[in-house]
Amino acid sequence: MSIYTRYFRVTSGPLMEKARELSAANEVARLAVIAFCKEIGAVDVLSHRDGRWEGFKFAATPDQAVWKQPNSFGTYWPRKNTAGGRDMLERIEALSRIVHIEAALEQVGLTPGVPALVYGNRWSAPSLTGVTKLGVLFAIVPWRDIDPAEIAAYKFDRAAARRLSMELDHLCWEPTADMVELKRWEVEKEIEELNAMSRAERGGAA
């Protein structure tokens, strides 16, 4: 059966609470990272959505006794075979990570960044967008329709440890009471409105 996407509006509940918590923590972490980059002479830092650091960018070649040559992203990483590199690595590992708010999806039983449905050589995973400061988030969930009898049989076999399927686990998911399902056009319309509100707020703050 074909894959499609379900959209859910969230304005309260555990997902929103966690997303706000992550956003607040990220603001503090971002200021600390900016200060750290300024101190070591880096012009930018790259990280993964789960907060793992990818590397640091410099306008000029940094101290080669501390930093390795740039990787495929053009970023440097501390050497592990020098005292200076090990000290720098220790300082980086002490920095608070900047974690994408998608991590909040775990509060409602969804796992971001992990293939939920696979079709051909492509896969889809749940994602999250919106503006926590404006109190609106949208959970985007890949889906396909399946016979309820198949789901019931899978749940029975899963409980008996006879079957394990990431896809069927995902299709057993049910939205929480605070997740309101919408059509795609409704989500796109509201996102446009939220973007306009965000631009107006930034303009007013200036």
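Residues numbered from 1 in each chain as written. Predicted model: local features only at pLDDT ≥ 70, side-chain atom pairs only at ≥ 80, totals over all residues. Heavy atoms only, no water.

Further remarks concern the side chain of Ser-23. Here Ser-23 shows up in helix H1 (residues 14-40). The class of Ser-23 is buried, set by a relative accessible area of 17%. Here the side chain of Ser-23 touches Thr-132 through a polar contact of 3.2 Å, side chain to side chain. Here Ser-23 is in contact with Ile-101 and Thr-132, once residues within four sequence places are set aside. (Helix = DSSP H or I, 4+ residues; strand = E, 2+ residues; numbered from the N terminus. Buried < 20%, exposed > 50% of the residue type's maximum accessible area, 1.4 Å probe, protein only. Polar contact = N/O pair within 3.5 Å; in protein donor to acceptor, adjacent residues only side chain to side chain. Contact = heavy atoms within 4.5 Å.)

Another point: the nonpolar core. If you look at the biggest cluster of nonpolar residues, it comprises 26 residues, and the most contacted ones within it are Leu-15, Leu-128, Leu-137, Leu-171, Trp-173 and Met-179. For this core, the elements supplying multiple residues, two or more each, are strand S1 (4-10), H1, strand S7 (136-143), helix H3 (148-159) and helix H4 (166-171). Contacts of Met-179, omitting those with residues within four sequence positions, involve Phe-8, Arg-9, Val-10, Val-108, Ala-139 and Trp-173. Within the second largest apolar cluster, 17 residues are counted, among which are Ile-40, Trp-53, Phe-58 and Leu-95. (Core = buried A, V, L, I, M, F, W, Y, C linked by side-chain atoms within 4.5 Å.)

Another aspect to go through is the packing of aromatic side chains. All told, the structure shown has six aromatic pairs when counted by the stated rule. Residues Phe-36 and Phe-56 carry aromatic rings whose centres are separated by 5.9 Å and whose planes lie at 65° to one another, so their mutual orientation is edge-to-face. Linking Phe-36 in helix H1 with Phe-56 in strand S3 (residues 53-58), this pair joins segments that are 20 residues apart in sequence. Accessibility classification places Phe-36 together with Phe-56 in one group, the buried group. Measuring from ring centre to ring centre gives 6.2 Å for Trp-143 and Trp-173, while their planes differ by 65°; the resulting arrangement is edge-to-face. With Trp-143 in strand S7 and Trp-173 in the loop between H4 and strand S8 (179-182), this pair connects stretches of sequence that are 30 residues apart. Neither Trp-143 nor Trp-173 differs from the other in exposure class; each is buried. Each residue in the set Phe-36, Phe-56, Phe-58, Trp-67 and Tyr-76 is aromatic and connected to the rest through ring pairs, giving one cluster. (Phe/Tyr/Trp six-rings, centres within 6.5 Å; stacked < 30°, edge-to-face > 60°.)

So, on to H3. Taking 1.5 Å per residue, 12 residues should reach 16 Å; H3 reaches 17 Å between its end C-alpha atoms and fits that length. If you follow the buried residues of H3, they end up packed against H4. Residue Asp-147 occupies the N-cap position of H3, its side-chain oxygen lying 2.9 Å from the main-chain nitrogen of Ala-149. Of the residues trailing H3, Ala-161 is marked for its positive phi of about 60°. (Expected span 1.5 Å × (residues − 1).)

Glancing now at the sheet that holds S8. Strands belonging to one sheet form pairs held by backbone hydrogen bonds; the direction of such a pair is parallel or antiparallel. Strands sit in the order S6-S7-S1-S8 across an open sheet of four strands; the sheet is antiparallel. Looking at the sheet topology across the chains shown, the edges are occupied by strand S6 (127-131) and S8. For this sheet, the mean angle separating the axes of adjacent strands, direction not counted, is 30°. Pairing analysis gives seven bridges linking S1 to S7, with the strands arranged antiparallel. What sits directly across from Phe-8, in S7, is Ala-139. (Pairing = 2+ DSSP bridges. Axes fitted to C-alpha atoms, helices over the stretch in contact; angles between N-to-C directions.)

One ladder, built from five bridges, connects S6 with S7; its direction is antiparallel. Within S7, the position partnered with Leu-128 by the bridge is Ala-139. Between S6 and the antiparallel strand that follows it, S7, lie four residues; Gly-135 among them carries a positive phi value of about 75°.

We now examine the pattern of salt bridges. For the structure shown, the criterion picks out 12 salt bridges. Residues Asp-50 and Arg-52 are paired through a salt bridge, measuring 2.7 Å at the closest nitrogen-oxygen approach. Residue Asp-50 is classed as partly exposed on the basis of its relative accessible area, which comes to 38%. (Salt bridge = Lys/Arg side-chain N within 4 Å of Asp/Glu carboxyl O.)

With that settled, consider the side chain of Thr-132. Residue placement: Thr-132 occurs in the loop between S6 and S7. Classification of Thr-132 as buried rests on a relative accessible area of 12%. In contact with Thr-132, not counting residues within four places along its chain, are Ala-19, Arg-20, Ser-23, Ile-101 and Leu-137.

Geometry only, nothing functional implied.
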